[in-house]
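Overview (structure and organization)
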Amino acid sequence: MIMRIFQVVTRPGKEEAFGRFFHETAIPLMNGTEGIVSVLPGASRPDSPREFSFVMVWKDLDALKAFVGDDYKTPHIDPAEAELVESRSIKHYDLVET
């Protein structure tokens, strides 16, 4: 399984708008995506109000590529979030089951 960690920093003043997008669009989308085993959304905290994240566990690399395409190392950008986000990062790991 592949663990994908996606992190976002919003543009200053866009925290509330991104929060709505995160809760109303991004979380439901990821929860309903085929090939995802687990979704752990992380909302902003008072000490980091512009930061949001997703930890996703994908069944395998093929499932991830079916969702984002062959260039899976580049963060997928929804057009609704493009103007709200200052920066994005994405990392991938092999999941270690304990």
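Coordinates for the structure precede this section.
Along each chain, numbering runs from 1 in the same order as the chain's sequence is written. Predicted model: local features are reported for residues with pLDDT of at least 70 only, side-chain atom pairs are reported and counted for 80 or more only, and whole-chain, interface and lining totals are derived from all residues. Calculated side-chain values reflect all of the structure's heavy atoms, with hydrogen atoms and water omitted.

1. Focus: the packing of aromatic side chains
Aromatic rings from Phe, Tyr and Trp, taking only the six-membered ring of Trp, are treated as a pair when their centres fall within 6.5 Å; an angle between ring planes under 30 degrees marks them as stacked, one over 60 as edge-to-face, and anything in between as tilted. Per the counting criterion, the structure on display carries six aromatic pairs. Here the aromatic rings of Phe-22 and Phe-52 are separated by 5.2 Å at their centres, their planes lie at 55°, and the arrangement is tilted. Of the two residues, Phe-22 is situated in helix H1 (residues 15-31) and Phe-52 in strand S3 (residues 51-58); the sequence distance between them amounts to 30 residues. Ring geometry for Trp-58 against Phe-67: centres 5.6 Å apart, planes inclined by 35°, an arrangement best described as tilted. Judged by its relative accessible area of 26%, Phe-67 falls in the partly exposed class. Among the aromatic side chains, those forming a connected cluster through ring pairs are Phe-18, Phe-21, Phe-22, Phe-52 and Phe-54. Secondary structure elements follow DSSP: runs of H or I of four or more residues count as helices, runs of E of two or more count as strands, with numbering from the N terminus. Burial status follows relative accessibility: with a 1.4 Å probe on protein chains alone, a residue under 20% of its type maximum counts as buried, one over 50% as exposed, and anything between as partly exposed.

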